Amino acid sequence: MNILKANTLDVKMEDADTTATLNQSGTEAPAPVPTTTSQKRPRDDGTASDEDAGPPRKKPEGERSTTEEIVTAPAPPQQEQQLATASVSAPTHTAMDDDDDDDLIKNGNWVILQMASDRSKVIQLKKDGTVNMGKFGSFLVNDVLGKPFDVPFEVYDRNRARLVASYTQIAAFDIEADDSANNKDLVEDQNSQQLSYTDIEEMKKQGLKGDVDSQEMIKKIIENSKTFESKTEFSKAKYIKKKEKKFSKVFTLKKPTARALCMHYYRTDPTKTKELRVDTLAQMLAFGGVRANSRILVSDDYGGLVTAALVERMGGLGTVMALHEHDTYNGDLSRYLNLPTAHDCVQSFPWARIVANVDESLDALPTDLDEKALQQRRERMEKRIAKFGALRENLVGGGWDGLFAATHFNAKQVIQTLYPYLSGGRPIVVFAQQKELLHDAFLYMRTSRDFVNVQVTEGWLREYQVPVDAVGGTHPLMRMPANGGYLLSGLKVIDCPVVAASAREKGGKGER
């Protein structure tokens, strides 16, 4: 087994390296149906800066600068008054007036609610409703409608919400420390805090009612701490951050992009997405070359995360056929993207319906029913036959632009079943948590004349902790996940035996 180093893939703020693992040859085994098994220089405007400019050009006599004329020429008094009146009385463009702006929160949108305690959940905002955040209080939905995504809000006056300038309140505290300060002699115990448990709980109750601001609560706790002034600046910042997670009412409504959803479920419910990491998801989209108006086949048993990423990358334009196990498709993450209903491009098709079933024939109708019941049964069956017939015709018609798989089915059999429907030169990308699950599929693709550039890659991610307000240093997190899964990728090609035979006869120069 050879271990090769592949190119580095940057995913926004994270660094993701890729290690490619290549196996040797194997044998081909037929299996058409998937079975269950146990990824001044020039400026932008073309002008030159002062440092690159040559000596100043001598201006001919009588020539005047156009800029000087524009700047120095005064406007008539009447025109100045009209301009001033127009600038004051012009209607201001509000967020609610622009229904096409996807960066503003609208009624019915799905959002990722990120609280100060680092807990998050996916919710839908409905006008005149109230969102409960547990110990951090609640807020009215009407207060956030028309506001932008990914900005901090604060709960005030019991259940009202308003925009705040910063996610953290560290700037409001004095965290300067002497150069000689260190934490060597600090002893943190119950006696370090002069406030009693009853006093703190009473402040929490007052905070839920809106009588006490969260910043005032943190300040009072700091003032009654015996060890706070002896801490270093970095320790003070960590102490304040810790208290903010307990008492701060600042929250953020994040836009539910594929990246945000991937990170949310990776933290809160990794089993739902089989621990598919954000850098691995980015590599899947990069290997697949997904674009608008593509026609993609996907087998996604991970809650629909891969399907949602495909739909987002395509902008809702094109076709994504999702093949699933049961008659009902449960990949519901695509609806969180807030795409218009008209752009819903996902078509769900059960694996068992690739070949027409017995219940898709009118001959299977029972004969012991009365005329009314028989007519109702016939109508339902005709709708089912028309629905699955159209999907089957679309699938078998071919011309698909890519195949993605993140499934508990056997990867080799998924590829064998679906790759004949791909066009030539189209990518295949398969994700698995363990590389052993990709072994048979890799050997099959590697030894087949229908695939080229076949490789298995492993993602590697390092996340860094960035200091708050330049306090402390940038360094990797102490605890990070070790495994981001494995990706099997390759390209389908159309083998032409005639050209290959001609090339061998002519010494490698075949007719094309």
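All residue numbers refer to position in the chain's written sequence, counted from 1. For a predicted model such as this one, the threshold for reporting local features is a pLDDT of at least 70, and the threshold for listing and counting side-chain atom pairs is 80 or more; totals across whole chains, interfaces and linings nevertheless cover every residue. The basis for the side-chain values is all heavy atoms of the structure; hydrogens and waters are excluded.

Peer 1: Can you tell me about helix α7 (residues 278–288), naming the residues and giving the values?
Peer 2: Each full turn of the α-helix corresponds to 3.6 residues, which orients residues three or four apart in the same direction. The buried fraction of α7 is high, at eight of eleven residues. Between buried and exposed lies partly exposed: a residue is buried under 20% and exposed over 50% of the maximum accessible area for its type, with that area taken using a 1.4 Å probe on protein chains only. A run of DSSP states H or I qualifies as a helix once it reaches four residues; a run of E qualifies as a strand once it reaches two. Both are numbered from the N-terminal end. Buried within α7 we find V278, D279, T280, L281, Q283, M284, L285 and G288.

Peer 1: Lay out a positive patch on the surface in plain terms, naming residues and giving numbers.
Peer 2: On the surface, R119, K135, K242 and K246 cluster together into a patch of positive charge. Relative to the helices and strands, K242 resides in helix α5 (residues 233–247). Any residue with relative accessible area above 30% and no salt bridge may belong to a patch, with like charges joined within 9 Å and the nonpolar Val, Leu, Ile, Met, Phe, Trp and Tyr side chains within 5 Å. With residues, only the protein chains shown are counted as cover, and all accessible areas are computed by Shrake-Rupley using a 1.4 Å probe. Salt bridge, as used here, is a side-chain nitrogen of Lys or Arg placed within 4 Å of a carboxyl oxygen of Asp or Glu. Charge assignment in this entry is limited to Lys and Arg as positive and Asp and Glu as negative, and neither His nor the chain termini are counted. By convention, the point assigned to a charge is CZ for Arg, NZ for Lys, CD for Glu and CG for Asp.

Peer 1: Which residues make up the packing of aromatic side chains, and what values go with them?
Peer 2: The description of an aromatic ring pair rests on the distance of the ring centres and on the angle between the ring planes. Any two rings among Phe, Tyr and Trp, with Trp reduced to its six-membered ring, count as a pair given centres within 6.5 Å; such a pair is stacked if its planes are under 30 degrees apart, edge-to-face if over 60, and tilted if neither. Counted under the stated rule, the structure contains eight aromatic pairs. These aromatic residues form a ring-pair network of at least three members: F139, F153 and F251. Whether a charge lies above a ring is judged from NZ of Lys or CZ of Arg, which has to be within 6 Å of the ring centre and within 35 degrees of the ring normal. A cation over an aromatic ring shows up here: R162 above the ring of Y156, its NZ or CZ 4.3 Å from the ring centre. Directly above the ring of W400 sits R295, whose terminal nitrogen or CZ lies 4.0 Å from the centroid.

Peer 1: I'd love a proper account of the sheet that holds strand β4 (residues 110–114), names of residues and values included.
Peer 2: Strand order in the open sheet made by the five strands is β5-β4-β10-β8-β9, with antiparallel pairing throughout. Each edge of the open sheet is held by one strand with a lone partner, namely β5 (120–124) and β9 (160–163). Between one strand axis and the next, the sheet turns through 35° on average, direction left out of account. Contacts between helix α6 (residues 258–268) and the sheet are confined to β4 and β5, with β5 contributing the most and set at about 125° to the helix. Here the rule is simple: two strands pair whenever DSSP picks up at least two bridges between them. Under this scheme, a helix contributes an axis fitted over its contacting stretch, all axes are lines through C-alpha atoms, and angles between N-to-C directions fall in the 0 to 180 degree range. A contact between two residues is defined here by any heavy atoms of the two lying within 4.5 Å.

Peer 1: An account of the pattern of salt bridges is needed here, citing residue identities and associated values.
Peer 2: Taken as a whole and judged by the stated rule, the model has seven salt bridges. A salt bridge links R160 to D143; the shortest N-O distance between them is 2.8 Å. Here R160 is found in strand β9, whereas its partner D143 is found in the loop between β7 (138–140) and β8 (152–156), with 17 residues between them in sequence. Residue classification places R160 among the partly exposed residues on the basis of a relative accessible area of 31%. Overall, D143 belongs to the buried group, its relative accessible area being 12%. R426 is paired through a salt bridge with D401; the nearest N and O atoms lie 3.1 Å apart. Separated by 25 residues along the polypeptide, R426 in strand β15 (residues 426–432) and D401 in the loop between α9 (371–396) and β14 (402–406) bring together distant segments of the chain.

Peer 1: Give me the environment of R277: which residues, what numbers.
Peer 2: You can see R277 is positioned in the loop between α6 and α7. Sequence separation of R277 and G485 is 208 residues, and the distance between their C-alpha atoms is 7.9 Å. Once residues within four sequence positions are removed from consideration, R277 is found in contact with C262, Y266, G459, W460, L461, P481, N483 and G484. Pairs of N or O atoms are called polar contacts if they sit within 3.5 Å, as long as, within protein, a hydrogen donor faces a hydrogen acceptor (for residues adjacent in sequence, only side-chain-to-side-chain pairs). Looking at R277, its side chain comes within polar contact range of the main-chain oxygen of G459, at 3.4 Å.

Peer 1: Before we move on, can you summarise the pairing of strand β19 (residues 486–492) with the specific residues and values?
Peer 2: Burial analysis of β19 places six of its seven residues in the buried class, the great majority of the element. In terms of strand pairing, β15 meets β19 through seven bridges, oriented antiparallel. Residue V429 lies in a different strand from β19, and its bridge partner there is S489. Pairing of strand β16 (residues 451–462) with β19 involves six bridges; the strand directions are antiparallel. Bridged to V452 within β19 is L491.

Peer 1: Lay out the nonpolar core in plain terms, naming residues and giving numbers.
Peer 2: Only buried Ala, Val, Leu, Ile, Met, Phe, Trp, Tyr and Cys residues count toward a nonpolar core, and they belong to the same one when joined by side-chain atoms within 4.5 Å. Counting 36 residues, the largest nonpolar core has L261, M284, V306, L310 and F404 as the members making the most contacts within it. Among the elements of the structure, β4, α6, α7, β11 (294–300), α8 (305–314), β12 (318–324), β14 and β15 are those that each provide at least two residues to this core. Top contributing element to this core by residue count: α8, with seven residues. If near-sequence neighbours (up to four positions away) are discounted, F404 is found in contact with M284, G288, V290, I296, L297, V298, S299, V306, L310 and V429.

Peer 1: I'd like a description of the packing of helix α10 (residues 411–418) against helix α11 (residues 439–447), backed by residues and values.
Peer 2: Where α10 meets α11, the closest approach of the two axes is 7 Å, and the angle between their N-to-C directions is 40°. The orientation of α10 with respect to α11, classified from their angle, is oblique. Note on element contacts: α11 touches α10 through D440, A441, Y444 and M445, opposite A411, K412, I415 and Q416. Under the scheme applied, nonpolar residues are Ala, Val, Leu, Ile, Met, Phe, Trp, Tyr, Cys and Pro; charged residues are Asp, Glu, Lys and Arg; polar residues are all the others, including Gly. Residue classes in the contact of α10 with α11 are distributed as five nonpolar, one polar and two charged. We call two directions roughly parallel when the angle between them is under 35 degrees, roughly antiparallel when it is over 145, roughly perpendicular when it lies between 65 and 115, and oblique otherwise.

Peer 1: For the environment of I221, give the residues involved together with the corresponding values.
Peer 2: Along the polypeptide, I221 turns up in helix α4 (residues 214–223). Each C-alpha atom, one on I221 and one on I240, is 9.8 Å from the other, the two residues being 19 residues apart in sequence. With sequence-adjacent residues up to four places away left out, I221 is seen in contact with Q193, L195, M203, Y239, K243 and F247.

Peer 1: Give me the lowdown on unusual backbone geometry, citing residues and values where you can.
Peer 2: Of note in the backbone geometry, D118 takes a positive phi value of approximately 70° without being a glycine. With respect to the helices and strands, D118 occurs in the loop between β4 and β5. Its identity as a non-glycine residue notwithstanding, D150 has a phi of 60°, on the positive side. Position of D150 among the secondary structure elements: in the loop between β7 and β8.

Peer 1: Can you tell me about the confidence of the model for the protein chain, naming the residues and giving the values?
Peer 2: What pLDDT reports is the predictor's confidence in each residue, on a scale of 0 through 100. Confidence in the prediction for the protein chain averages 74 pLDDT; 69% of positions are at 70 or higher. Low pLDDT, under 50, characterises residues 1–33; the predicted model gives this stretch 83 contacts beyond four residues in sequence or across chains. Within the model, the stretch residues 35–99 combines pLDDT values under 50 with 51 contacts to residues more than four positions away or in other chains.

Peer 1: Residue-level account of the pairing of β9, with values.
Peer 2: Where a strand is regular, its side chains alternate between the two sheet faces. Pairing of β8 with β9, which is carried by four bridges, proceeds in the antiparallel orientation. Within β9, the residue paired with E154 across the bridge is R162.

Peer 1: Any details on the environment of L443? Residues and values, ideally.
Peer 2: Mapped onto the fold, L443 is located in helix α11. We classify L443 as buried; its relative accessible area is 10%. Between the C-alpha atom of L443 and that of V454, which follows or precedes it by eleven residues, the distance is 9.3 Å.

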